[in-house]
Amino acid sequence: MLTTNPFDDDKLREECGVFGIWNADAAASFVALGLHALQHRGQEAAGISSMDAAGFHSHRAAGHVAGTFDKDEVIRALPGRTAIGHVRYSTTGSSAMRNVQPLFAELADGGFAVAHNGNISNAMKLRRTLNRRGSIFQSTSDTEVIIHLVATSHHTQMLDRIVDALNQVEGAYSLLMLTEAGLIACRDPLGIRPLVMGRIGDSVIFASETVALDVIGAHYERDVGPGEMVLVNGDGVRSFRPFVSASPRPCIFEHVYFSRPDSVVDGTSVYESRKNIGAELARESPVEADIVVPVPDSGVPAAIGFSQASGIPFELGIIRSHYVGRTFIQPSQEVRHLGVKLKHNANSALIRGKKVVLIDDSIVRGTTSVKIVQMMRDAGAAEVHMRIASPPTRHSCFYGVDTPERAKLLAAQMDVAAMAKYINADSLAFISIDGLYRALGDSRNPAVPQRCDACFTGDYPTRLTDLTDKEMAQSALRVVASR
Ligand code: AMP
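Definitions and limits used
Residues numbered from 1 in each chain as written. Predicted model: local features only at pLDDT ≥ 70, side-chain atom pairs only at ≥ 80, totals over all residues. Heavy atoms only, no water. UniProt positions renumbered as here; feature names shortened; annotations may be inferred. Contact = heavy atoms within 4.5 Å. Helix = DSSP H or I, 4+ residues; strand = E, 2+ residues; numbered from the N terminus. Polar contact = N/O pair within 3.5 Å; in protein donor to acceptor, adjacent residues only side chain to side chain. Phe/Tyr/Trp six-rings, centres within 6.5 Å; stacked < 30°, edge-to-face > 60°. Buried < 20%, exposed > 50% of the residue type's maximum accessible area, 1.4 Å probe, protein only. Salt bridge = Lys/Arg side-chain N within 4 Å of Asp/Glu carboxyl O. Pairing = 2+ DSSP bridges. Axes fitted to C-alpha atoms, helices over the stretch in contact; angles between N-to-C directions. Near = heavy atom within 4 Å. Areas by Shrake-Rupley, 256 points an atom, 1.4 Å probe, with all protein chains shown as cover. Nonpolar A, V, L, I, M, F, W, Y, C, P; charged D, E, K, R; others polar.

Student: Explain the UniProt feature "active site" (unreviewed entry) in the protein here, please?
Tutor: Under the UniProt annotation, the feature "active site" (unreviewed entry) is placed at Cys 16. Not counting the four nearest positions on each side in its chain, Cys 16 is found in contact with Arg 41, His 86, Val 87, Arg 88, His 116, Asn 117 and Phe 258.

Below, the structure is given as structure tokens:
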């Protein structure tokens, strides 16, 4: 995320995916493929940094991976057997290119490239301190704080410098770092954002999701553990646990929406989880209806689960155009509305006269639901019921998933009955937080939290240092600082 006030608005948020490979011919071309599989995690910009005997090489550009990294000349300009890459979603602006990752700096002990998925929740405070000490920042990215902390560390070894830097950082980070000491992968002690390790032949790979391993034919070896640092170089693969250990709190929203359904996250198939969520939702909030219709694509697996558990037939009542990006990705509210219309169309011949249960993964601002319910009514639906495969999103994420400021979250403004009215549905229900945990194979125990579910519960697993007291009060945050 960017180091403007994280509470202010939704303009400067970002979501990201990372991919890195050690010891492969034309490493950058593998990274391009891996990033392509992670495109859903960030669609506005992409970058790759590679390393060979001559040093570091980087290419970063706005737009999709395919538009930039499908060009031979771009890949050829990224030589070397080791490379890392990053996809990112953030709004474009005059300064946006400075923030496109991997970020790179020439440090006293050599080049340092870093790709970050997550968000540092004390970045502004650290930045102010570093600024006062003379650090000159090139970007507004929180990730650059890590570079300056590494650069100014008193330790002599690169690994120690990185550990020293990360010990000062709060929040979520799944990091890939390219240094002369080797390729380094690291996940914050709470393991908020995912990071997996795989292999193909003699190459070692790190990626945000397993789908990026699949795409290059690599096999999944294991997750990089919460608080683990893995160094890969000519001496092999070495694992370190340099941080004070904490109980892991992986993000629950990866299962609900963010990860691709063909990925395995925290050892669980995302597709299976989403189907289980749909089945649990059908048990918790049954409804009499003729057809179950997913809001494509994000609602599809949950709708299959809902249909199987309820016995109500699954039908494709909404057809999605695959030539438009995620609705949410459009930066302004006006364009976002337009995006919904462009993206979805009712299958009117099917809908006419039917009682429809619509399934979507989440309601954020309510934009999609309002449009889709209206679309069903325009297509002649007899009744429109909405079931949501997550609890109400009442709190902003400060750990790397784009959510608007709290005032723009529909569920933070009104209760479920009022939301049903607002979206003009005959009924509306969300899965309960306990039901969501059950669907993921857990039994929720708020006294011993197993996941980060702050977007639903407001229980943030780290301090939110960059928020002022007033903002904390306004947002009714309950912070459970576990480190
Ligand atoms: P909204 O229209 O604002 O209520 O947003 C809800 C829709 O956006 C749902 O259909 C979700 O699939 C999708 N969505 C939810 N969270 C996110 C996110 N963080 N980034 C992108 N899309 C999202």
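Student: For this particular structure, what's the right way to read the UniProt feature "binding site: Mg(2+)" (unreviewed entry) in the protein?
Tutor: Here the UniProt-annotated "binding site: Mg(2+)" (unreviewed entry) positions come out as Ser 298, Asp 360 and Asp 361. These annotated residues cover 64 residues of sequence, but their C-alpha atoms sit close together, with the largest distance between any two at 6.7 Å. Tracing the backbone shows Ser 298 in the loop between strand S16 (291-294) and helix H11 (300-310). Setting aside residues no more than four positions away along its own chain, Ser 298 makes contact with Tyr 257, Asp 360 and Asp 361. Here the side chain of Ser 298 touches Asp 360 through a polar contact of 3.3 Å, side chain to side chain. For Asp 360, the position within the fold is in strand S19 (residues 355-360).

Student: Even after reading the chapter, I still don't get the packing of aromatic side chains, so can you show me in this structure?
Tutor: Aromatic ring pairs are described here by two measures, namely the spacing of the ring centres and the angle between the planes. Taken as a whole and assessed by the stated rule, the structure comprises 5 aromatic pairs. Judged by centre distance (5.1 Å) and plane angle (40°), the ring pair of Phe 56 and Phe 104 falls under tilted. Placement of the pair is Phe 56 in strand S3 (residues 55-62) and Phe 104 in strand S5 (residues 103-107), with a sequence separation of 48 residues. When its relative accessible area of 34% is taken as the criterion, Phe 104 is described as partly exposed. On the numbers, 6.2 Å between centres and 55° between planes, the contact of Tyr 399 with Tyr 460 is tilted.

Student: Help me understand the pattern of salt bridges in this model?
Tutor: One side chain can pair with another of opposite charge once the charged atoms of both are near each other. For the structure shown, the criterion picks out 22 salt bridges. A salt bridge links Arg 161 to Asp 109, with the nearest nitrogen and oxygen atoms 3.5 Å apart. In this pair, Arg 161 sits in helix H7 (residues 158-166) while Asp 109 sits in the loop between S5 and strand S6 (110-120), placing the two residues 52 residues apart along the sequence. Classification of Arg 161 by relative accessible area gives buried; the value is 8%. Assessed through its relative accessible area of 30%, Asp 109 is described here as partly exposed.

Student: Sorry if this is basic, but what is going on with the sheet that holds S6 here?
Tutor: Hydrogen bonds along the backbone pair up the strands of a sheet, which may run parallel or antiparallel. The sheet built from 6 strands is open, its strands ordered S5-S6-S7-S8-S12-S13 with antiparallel pairing. A strand with exactly one partner marks an edge of an open sheet, and here the two such strands are S5 and strand S13 (236-240). Adjacent strand axes in the sheet meet at a mean angle of 20° when their direction is disregarded. In the packing of H7 onto the sheet, the strands contacted are S5, S6, strand S7 (171-179), strand S8 (182-187), strand S12 (229-233) and S13, and the crossing angle to S12 comes to about 155°.

Student: Which parts of the structure should I look at to understand the site of the ligand?
Tutor: In the vicinity of the ligand, 16 residues are found, and the nearest of them are Tyr 257, Asp 360, Asp 361, Gly 366 and Thr 368. Here an oxygen atom of the ligand sits 2.7 Å away from a polar atom, N or O, in the main chain of Gly 366. Note that an oxygen atom of the ligand is positioned 2.5 Å from one of the side-chain N or O atoms of Thr 368. Against a free-state accessible area of 500 Å², the protein chains account for coverage of 95% of the ligand. Elements represented by at least two residues in the shell around the ligand include exactly helix H9 (253-258) and helix H14 (367-378). Counted by class, the shell around the ligand contains 6 nonpolar, 5 polar and 5 charged residues.

Student: Explain the sheet that holds S3 here, please?
Tutor: With antiparallel pairing, 7 strands are arranged side by side in an open sheet as S3-S2-S4-S1-S10-S9-S11. Of all the strands in the sheet, just S3 and strand S11 (219-223) have a single pairing partner and so form its edges. Averaged over all adjacent pairs, the angle separating strand axes in this sheet is 15°, with direction ignored. The sheet strands contacting helix H1 (residues 27-37) are strand S1 (15-22), strand S2 (45-52) and strand S4 (82-89), and the helix crosses S4 at an angle near 25°.

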